[in-house]
Amino acid sequence: MRNIWTICRKELGSYFVSPIAYGLLAVFAVAFGFFFWNALNYFVLAGLEMQLRGESIPMNLNEEIVRPLLSDAGFVFLLLIPFVTMRLFAEEKRTGTIELLATSPIRDVEIILGKWLAALVLYASLLLFTALNFAWLFVYGKPDWKPLLVGYLGLLLQGGLLLAIGSFISTLTRNQIIAGAATFGLFILLWVLDWVTGYDSATWSTVLGYLCVLTHFNSFARGVIDTKDVVFYLSGIFLGLFATARSLESLRWRS
Amino acid sequence: MIAVKELTKRYARTVAVDQISFSVEKGQIVGFLGPNGAGKTTTMRVLTCFLPPSAGTATVAGFDVLEQPREVKRRIGYLPEAPPLYPEMATTEYLRFVGKLKGLSGAELDKRVDYVCGRCFISDVKRKLLGKLSKGYRQRVGLAQAIIHNPEVLILDEPTAGLDPKQINETRDLIRSLAGDHTIILSTHILPEVEQTCEQVIIINKGKLVATDSVHNLQARTRGVESVLIEVAGRAGALASEAVQQKLEQVPGVAKVVRRDARDQRLIFEVESQKGQLVRGDLARAVVASGWDLNELRAAGMSLEEIFLELTGSETAAEARDRAEQPAKPDETTPTTSEPQP
């Protein structure tokens, strides 16, 4: 446990001392800020139109702004997370610092969990930026906060899964660019997998559709905690970290 | 302290280490010598539990590297060929991190960090980022992290590679000063380094053990021939070189006398004895009896380089001698470069 914390602290230091964290935060803040501004403008415009026409269908902040924005955030993270994970192990392998970790009296699992947790903390700090935007909704309106929290839980789970997959890919190479590109490609695939369910309902397409990371988030975005989706994410995280551990171990046998 | 038995390490296509056996006693400082690619690093990586052996066993302080790696790792300080530094960390921050990894904490950690900073002369760069340090400092920080948890065994992979001559000397002194408290294995392909730093030497070539002995014994074993440098001067005025040479050649047991440098004003000769003969005493007596001054007389000793080449057989001994007679370069004397200079 102590070792996990030691590794995690060191990794966080690396993220926040180098420009990585700030670059990601800046890019994400701008992108999400634009989404938010866009959604808000649309919402306000729609409200005005309705008033002009004299209709009074109640408009829901959660349905109109929070839910689509959470889904958008999930998608943006799909594109950003490769930049968080690509260096995790690839860099240690390139500079040889992996030898220091591997010859210290700590377990591989502790190294992996420490690194994954640090990446998760960085990811969570990105999520905080979205909270800054959503805070304005609470200042000027009365959105329901419970679905929002559930949405964040979903984003955390989805992020955890993507980070686990990314760290596995990072163990496969000593080149950060390759690790990043491969992770990016795989994530894109995981995003579009459910398209096949649109025109085919055979078993294989159902399976492929199930593997699509983003669709499992939909229930969370609606404010529903679906056990099925929680299980999907948790088992995915476990599988990703397990694969990372095996890959790290195999380095020693192959090298 | 360290026992290696018939250790073999195979990679996909090559055998990097082939049935090597040796042992190292507590408190010893051992040189691990071999040309590049001989299997030094691989052996060290097995000892540090970074790589598992393909066959054979290796134990450190009684713990097997395969069975109880954590116990072994606790007792080993390891400096890989490239110091494992994180460029974005400051020196003390890094040493504290490594200390924690090795199981130190609290006041003990503070104490050890201070201690190794003093010991390795890096106190003046405590707050600097590791990425900004010069090569010499990086190497010393690498050494500092290796000894941070006061390990029983220190394994240093080419600790002086890439340093300038002054830094090399400093690093060697530092390593020698550590020898009392730790058992040290250091690898190198630079022969004088072993002569200067180590008590024992283990020579490997192409993955096979070539020799393991004390530096002193090894020199005696391969030689059996005494090699002496002698400087003679006349009492009054210059002395004929030929006369002295003749006189020296007549001393019983002398095999060969060579004037070292004809352009030199001083008369310095290299005398080689016949096998098993000790000639120093007789040489001195002969010079004095002739009424000359004996300015200097010392054993030249066969350099490890010659021994090494003889043992690994990559060059004939004669060629090795030619090479040895070349003015010694301060460092980077790679023994494997074939073709002796003209």
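First, a word on what this report is: a plain description of the structure on this page. Note that this is a predicted model, so its numbers are computed, not measured.

## Quick look at the nonpolar core
With 120 residues, the main nonpolar core has A144(B) and I155(B) as its most contacted residues. When near neighbours in sequence (up to four residues on either side) are disregarded, A144(B) contacts L95(B), V116(B), C117(B), C120(B) and I122(B).

## Concerning unusual backbone geometry
Residues and elements named next belong to chain B. In the Ramachandran plot, E6 falls in the positive-phi region, its phi being about 45 degrees despite a non-glycine side chain. Tracing the chain through its elements places E6 in strand 1 (residues 2–10). Phi at K206 takes a positive value of approximately 50 degrees, unusual for a residue other than glycine. Since 16 C-beta atoms lie within 10 Å of it, K206 is described here as partly exposed.

## Describing the pairing of strand 6 (residues 76–79) of chain B
Regular strands show a simple pattern: their side chains alternate between the two faces of the sheet. Residues and elements named next belong to chain B. Every second residue of strand 6 is oriented toward a common face, with I76 and Y78 on one face and G77 and L79 on the other, all of them buried. Of the pairings in the sheet, the one linking strand 6 to strand 7 (residues 153–157) comprises 4 bridges and is parallel in character. Residue L79 lies in a different strand from strand 7, and its bridge partner there is L156.

## Observations regarding the packing of helix 6 (residues 108–140) of chain A against helix 7 (residues 145–171) of chain A
All names here are of chain A. For the pair helix 6 and helix 7, the least separation of the axes is 10 Å and the interaxial angle reads 145 degrees. Crossing of helix 6 against helix 7: the hand is right-handed. Across the interface between the two elements, I112, K115, W116, A119, L120, Y123, A124, L127 and F134 of helix 6 pack against L148, Y152, L155, L156, G159, G160, L163, A164 and S167 of helix 7. When grouped by side-chain class, the residues that make up the contact of helix 6 with helix 7 number 14 nonpolar, 3 polar and 1 charged.

## Notes on the sheet that holds strand 13 (residues 267–273) of chain B
All names here are of chain B. An order of 12-13-11-14 is seen for the 4 strands of this open sheet, with the pairing classed as antiparallel. In the strand order of this sheet, the two ends are held by strand 12 (254–259) and strand 14 (293–299), each with one partner. If you compare each strand with its neighbour and ignore which way they point, the axes differ by 25 degrees on average. Here strand 12 pairs with strand 13 via 5 bridges, running antiparallel. Paired with R259 across the two strands is F269, which belongs to strand 13.

## Thoughts on the environment of L189(A)
Mapped onto the fold, L189(A) is located in helix 8 (residues 176–192). Between the alpha carbons of L189(A) and C212(A) there is a distance of 8.2 Å; along the sequence they are 23 residues apart.

Cut-offs and rules
Residues numbered from 1 in each chain as written. Chains lettered and ligands numbered in written order. Predicted model: local features only at pLDDT ≥ 70, side-chain atom pairs only at ≥ 80, totals over all residues. Core = buried A, V, L, I, M, F, W, Y, C linked by C-beta atoms within 7 Å. Buried ≥ 20, exposed ≤ 12 C-beta atoms within 10 Å, placed from the backbone. Contact = placed C-beta atoms within 7 Å. Helix = DSSP H or I, 4+ residues; strand = E, 2+ residues; numbered from the N terminus. Pairing = 2+ DSSP bridges. Axes fitted to C-alpha atoms, helices over the stretch in contact; angles between N-to-C directions. Left-handed = near helix turned anticlockwise from the far one by under 90°. Nonpolar A, V, L, I, M, F, W, Y, C, P; charged D, E, K, R; others polar.

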